[in-house]
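Spelled out, the chains give:
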Amino acid sequence: MSLNTQWRLIARPEGEVGREHFEVTHLALPEPGPGEVRVRNLYLLIPPSMRLWMNAKETYFPPQPLGEVMTGITLGVVESSRDPSLVPGDYVNGLGGCQEWSIAPAGHLQKLAPRPGVPLAAYRSVLDVQGLTAYCGLTEIGKPKAGETLVVTAAAGSVGSLACQIGKKLGLKVVGIAGGPEKCAWLRDECGIEHVIDYKHDDVAARLDVLCPDGIDIAYENVGGPVMDMLIERLRFKGRVVLCGLVSSYNGGVTQNTASLMTLVNKAARMEGFLVSEYLHRYEDVVGILQDWAAEGSLKYQIEVLDGLDSIVEAIGRVFHGKNRGVQLVKICDERSV
Ligand SMILES: NC(=O)c1ccc[n+]([C@@H]2O[C@H](COP(=O)([O-])OP(=O)(O)OC[C@H]3O[C@@H](n4cnc5c(N)ncnc54)[C@H](OP(=O)(O)O)[C@@H]3O)[C@@H](O)[C@H]2O)c1
């Protein structure tokens with residue numbers, strides 16, 4: 001077996017992530033012990049929150065220890081197994097880290113049953129964390145009722161674009177806010193979201209006033225910063241804010257204004273943090289629904305794949321510069337070669 005290429009975090013970034021924050025090592029991999037399996041990692045998901053894991057402050061994960069293999073959300077294929085629940089060739093999701101191979105207890109891995117015709121990479125993205133996040137965030141925290149107005153930020157992103165389309169399927173009036181004409185055109189023309197705002201070029205406040213003349217019932221918030229204040233200020237009575245993420249602050253530098261929060265009081269509105277790990281019990285039914293919609297072509301998504309572990313830093317940068325078109329993945333190994 002080849003040596004295992006591993007990306008280790010050796011310094012905590014202050015702002016953007018750079019190559020200097022990592023060391024790449026090549027070490028022999030131990031054999032799996034009883035109850036363990038060896039997994040060839042195929043895809044690494046690059047979620048914006050990966051940047052937060054690198055900080056000294058705890059998130060929903062403990063802080064990434066310096067010198068250790070960087071935490072990574074992966075999809076892989078079992079190569080050898082010492083547990084009867086998994087056999088070589090099984091596809092699994094896990095926290096395989098930023099490395100070519102990983103050893104894990106079988107019980108820590110989720111066996112996948114990919115449908116023919118669905119790209120394998122979708123099972124580590126839209127038919128996984130992002131899909132669950134969009135669906136459960138909107139339905140369980142947003143509590144939508146047909147005819148209500150939903151506004152989604154980072155609307156052309158992986159979570160955002162799904163939230164927009166699920167909102168439309170539920171009979172909501174959907175307004176998507178995204179960066180740039182190309183993303184807005186994709187949302188409008190491919191995803192069928194008629195009302196879009198390009199926050200990089202439009203007067204967002206003015207457009208919100210035109211598109212949401214009676215206010216906003218549900219704000220699905222992925223970004224934070226000034227646009228989030230504009231949404232909160234326009235909430236209707238008993239409005240809801242699904243606080244899914246604050247990507248504009250992850251590299252530091254953006255602090256959230258609290259002046260708009262008085263609107264939550266004045267409108268008896270509710271803002272609730274969403275954490276996908278609280279909704280894993282919904283995984284089977286939600287992924288089933290999304291899979292059916294994707295198969296019939298009524299749920300659109302984009303998956304962008306960069307090649308090789310050497311593209312990790314570029315992939316993270318793309319997410320924070322809005323260059324990703326939908327889900328950002330790194331391909332660690334070609335699925336056809338294993
Ligand atoms: N709470 C949970 O359990 C959970 C789970 C998954 C994801 N999330 C959150 O969901 C949000 C979206 O995640 P995702 O994986 O779907 O990523 P994504 O939306 O596919 O990619 C991030 C997008 O955010 C926008 N963005 C990045 N930096 C920005 C900035 N400084 N100002 C404004 N917009 C910026 C960019 O879109 P534009 O080009 O349109 O600006 C970029 O394409 C994130 O906040 C993430 O942390 C939360």
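Quantities reported herein were computed from a predicted structural model and do not represent experimental measurements.

What follows concerns the site of the ligand. Lining the immediate surroundings of the ligand are 27 residues, of which K183, Y199, Y250, F274 and N324 lie closest. At 2.8 Å from an oxygen atom of the ligand is found a side-chain nitrogen or oxygen belonging to S158. At 2.8 Å from an oxygen atom of the ligand is found a main-chain nitrogen or oxygen belonging to N222. Of all the secondary-structure elements, those providing two or more residues to the shell around the ligand are helix 2 (129–141), helix 3 (158–169) and helix 9 (312–320).

A few words on the side chain of Q165. Summarising the element assignment, Q165 is placed in helix 3. With residues near it in sequence (within four places) discarded, Q165 still touches C191, I193, S298, L299 and K300.

The assigned domain composition of the chain is domain 1 (4–125 + 302–337) and domain 2 (129–277). Taking only C-alpha atoms into account, the centre of domain 1 sits 29 Å from that of domain 2. Taken together, the contact pairs 19 residues of domain 1 with 14 residues of domain 2. For the pairing of domain 1 and domain 2, the buried interface totals around 1300 Å² over both sides, and the portion due to carbon and sulfur atoms is 54%. Counting the surface domain 1 buries against domain 2, the share from its top three residues, Q302, F320 and R325, is 29%. Counting across the interface, domain 1 meets domain 2 through 5 residue pairs in polar contact (both at pLDDT 80 or more).

Rules used in this analysis
- Residues numbered from 1 in each chain as written.
- Predicted model: local features only at pLDDT ≥ 70, side-chain atom pairs only at ≥ 80, totals over all residues.
- Heavy atoms only, no water.
- Near = heavy atom within 4 Å.
- Polar contact = N/O pair within 3.5 Å; in protein donor to acceptor, adjacent residues only side chain to side chain.
- Helix = DSSP H or I, 4+ residues; strand = E, 2+ residues; numbered from the N terminus.
- Contact = heavy atoms within 4.5 Å.
- Domains from an automatic or database assignment.
- Buried area = accessible area lost by both parts, 1.4 Å probe.

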